[in-house]
Amino acid sequence: MEQTDKTIALAMTGASGAQYGLRLLECLIASGAQVYLMVSPPGQVVLTMETDLEVPGRPAEMQAFFSELYGAAEGQLQVFGKDQWMAPVASGSGAADATVICPCTTGTLSAVACGSSNNLIERAADVAIKEGLPLIMVVRETPLSAIHLENMLKLARLGVVMLPANPGFYQRPQSIDDMVDFIVARLLDQLGIGHDLLPSWGSADSIIV
């Protein structure tokens, strides 16, 4: 994993696809990035449903849990609760270099599209947009209604990257982990962090004989 000094805000909401967020968190920590992590209450429920991890609910305990799990350096990972308005991500003066919502519910999509900022995740996204900083939303829903598509189009026109959790199969995945890595590789590409999760299209490693 390429090393970076970037600061990345990662939010996990209550959409299915907790493994995408967890794998991205693991890769960001491995890259040396400073990570601000936010997990919504529904996101914590999904973590319980979709993984075997017993993730603590309180921010300080969650921070210690993930720091140990993924080998974070001291102070590299900071976890914030939904009402911690003094978190750096709540202001343009402390905004991360990029913000990723992964996975992203269509409810969060709607809230960000209308600028509601009712919790820290929504505020972090609002800050990224107003400061002209990268915001990537991994929307996980199907089928998509006209409401969802209109919200996605509205945000895309503002420069937000819509990166739905739609893994490809040209690399012939052999496991669920391979499919997760496909999406995480695209996220790392968008963040400008080098990786070896997936060969780039057209490279020698990507050609199947």
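Note that this is a predicted model, so its numbers are computed, not measured.

A.B. asks: Looking at this model, I keep getting lost on the environment of alanine 98. Mind explaining?
C.D. replies: As for its placement among the helices and strands, alanine 98 is situated in strand S4 (residues 98-104). Its relative accessible area of 5% is what places alanine 98 among the buried residues. Along the sequence, alanine 98 and alanine 165 sit 67 residues apart, while their C-alpha atoms lie 19 Å from each other. Excluding its chain neighbours within four sequence positions, the residues that come into contact with alanine 98 are Thr7, Ile8, Ala9, Pro134 and Leu191.

A.B. asks: Looking at this structure, how should I read helix H7 (residues 176-191)?
C.D. replies: Spacing of three or four residues puts side chains on the same side of an α-helix, whose turn is 3.6 residues. Between its first and last C-alpha atoms H7 spans 23 Å; for 16 residues at 1.5 Å apiece the expected length is 22 Å, and the two agree. Those residues of H7 that fall on the buried side of the exposure criterion are Val180, Asp181, Phe182, Ile183, Val184, Ala185, Leu187, Leu188 and Leu191. Taken together, the buried residues of H7 touch strand S1 (7-12), helix H1 (18-30), S4 and strand S5 (135-139). Once H7 ends, the next one or two residues include glycine 192, with phi positive near 75 degrees.

A.B. asks: It is not clear to me how the pattern of salt bridges should be interpreted in this structure. Could you clarify?
C.D. replies: Two side chains with opposite charge may pair up if their charged atoms get near one another. In this structure the tally under the stated criterion is 6 salt bridges. Of the charged contacts, one joins arginine 23 and aspartate 181 as a salt bridge, the two residues approaching to 2.7 Å between their closest N and O atoms. A residue pair is termed long-range when its members are at least 10 positions apart, and arginine 23 in helix H1 and aspartate 181 in helix H7 qualify at 158 residues. In this structure arginine 23 comes out as partly exposed when scored by relative accessible area, which is 23%.

A.B. asks: Whenever I open this one, the side chain of threonine 13 confuses me. Can you help?
C.D. replies: For threonine 13, the position within the fold is in the loop between S1 and H1. Within the local environment of threonine 13, its side chain forms a polar contact with the backbone nitrogen of threonine 105, the two atoms lying 3.0 Å apart.

A.B. asks: How should I be thinking about the nonpolar core in this particular structure?
C.D. replies: Nonpolar side chains tend to gather and get buried jointly when the protein is soluble and globular. If you look at the biggest cluster of nonpolar residues, it comprises 41 residues, and the most contacted ones within it are Leu25, Leu37, Leu77, Val100 and Leu187. Discounting chain neighbours no more than four positions away, the residues touching leucine 25 are Leu10, Val35, Leu37, Phe66, Tyr70 and Leu77. Among the nonpolar cores identified, the runner-up in size contains 25 residues, and Ala9, Val89, Ile121 and Ala124 belong to it.

A.B. asks: What's the story with the side chain of serine 31 in this structure? I'm lost.
C.D. replies: Mapped onto the elements of the fold, serine 31 is located in the loop between H1 and strand S2 (34-39). Looking at serine 31, its side chain comes within polar contact range of the main-chain nitrogen of alanine 33, at 3.4 Å. Those residues in contact with serine 31 that lie beyond four places of it in its chain are Met1, Glu2, Gln3, Thr4 and Ile193.

A.B. asks: Sorry if this is basic, but what is going on with the packing of H1 against H7 here?
C.D. replies: Axis angle and axis distance: for two packed helices, these are the angle between their axes and the distance between the axes, and together they describe the pair. Here H1 crosses H7 at 50 degrees, and the two axes come no closer than 9 Å. Here H7 runs oblique to H1, going by the angle between their axes. Handedness of the crossing formed by H1 with H7: right-handed. Contact with H1, carried on its side by Gln19, Tyr20, Arg23, Leu24, Cys27 and Leu28, involves Met179, Val180, Asp181, Ile183, Val184, Leu187, Leu188 and Leu191 of H7 and no other residues of that element. When grouped by side-chain class, the residues that make up the contact of H1 with H7 number 11 nonpolar, 1 polar and 2 charged.

A.B. asks: Explanation requested: the packing of aromatic side chains in the structure shown.
C.D. replies: For any two aromatic rings, the description comes down to two numbers: the centre-to-centre distance and the angle of the planes. By the definition in use, this model includes 4 aromatic pairs. Where tyrosine 36 meets phenylalanine 80, the ring centres are 5.8 Å apart and the plane angle is 65 degrees; that geometry is what we call edge-to-face. Remark: phenylalanine 80 occurs in strand S3 (residues 77-80) and tyrosine 36 occurs in strand S2; sequence separation between them is 44 residues. Note on accessibility: tyrosine 36 and phenylalanine 80 belong to one class, buried. Consider the rings of phenylalanine 66 and tyrosine 70, whose centres lie 6.1 Å apart with planes at 5 degrees: the pair is stacked. Of this pair, phenylalanine 66 and tyrosine 70 both sit in helix H3 (residues 59-70), 4 residues apart, which is roughly one turn of that helix. For the pair phenylalanine 66 and tyrosine 70, a shared accessibility class is recorded, and that class is buried.

Analysis parameters
- All residue numbers refer to positions counted from 1 along the written sequence of the respective chain.
- In keeping with the model being predicted, local features are shown solely for residues with a pLDDT of at least 70 and side-chain atom pairs are shown and tallied solely at 80 or more, while totals for entire chains, interfaces and linings include all residues.
- Processing note: side-chain calculations cover all non-hydrogen atoms of the structure and skip hydrogens and water entirely.
- Think of it this way: any DSSP run of H or I at least four residues long counts as a helix, any run of E at least two long counts as a strand, and we number them from the N terminus.
- Burial status follows relative accessibility: with a 1.4 Å probe on protein chains alone, a residue under 20% of its type maximum counts as buried, one over 50% as exposed, and anything between as partly exposed.
- Residue contacts follow a heavy-atom distance rule, with two residues in contact if any of their heavy atoms lie within 4.5 Å.
- The span you would expect from a helix comes to 1.5 Å times its residue count less one.
- We define a salt bridge as a side-chain nitrogen of Lys or Arg found within 4 Å of a carboxyl oxygen belonging to Asp or Glu.
- Under the rule applied, a polar contact is a pair of N or O atoms within 3.5 Å (in protein, one hydrogen donor and one hydrogen acceptor; residues adjacent in sequence only if both atoms are side-chain atoms).
- Only buried Ala, Val, Leu, Ile, Met, Phe, Trp, Tyr and Cys residues count toward a nonpolar core, and they belong to the same one when joined by side-chain atoms within 4.5 Å.
- In this analysis, axes come from line fits to C-alpha atoms, helices being fitted only over the stretch in contact, and the angle between any two N-to-C directions falls in the range 0 to 180 degrees.
- The cut-offs work like this: below 35 degrees is roughly parallel, past 145 is roughly antiparallel, 65 to 115 is roughly perpendicular, and the gaps in between are oblique.
- Crossings are sorted by hand: turned counterclockwise from the far helix by less than a right angle, the near helix makes the crossing left-handed, and turned clockwise it makes it right-handed.
- Classification convention: Asp, Glu, Lys, Arg as charged; Ala, Val, Leu, Ile, Met, Phe, Trp, Tyr, Cys, Pro as nonpolar; all other residues, Gly among them, as polar.
- Between rings of Phe, Tyr and Trp, where Trp is taken as its six-membered ring, a pair exists when centres lie within 6.5 Å; planes separated by under 30 degrees are stacked, by over 60 edge-to-face, and by other angles tilted.

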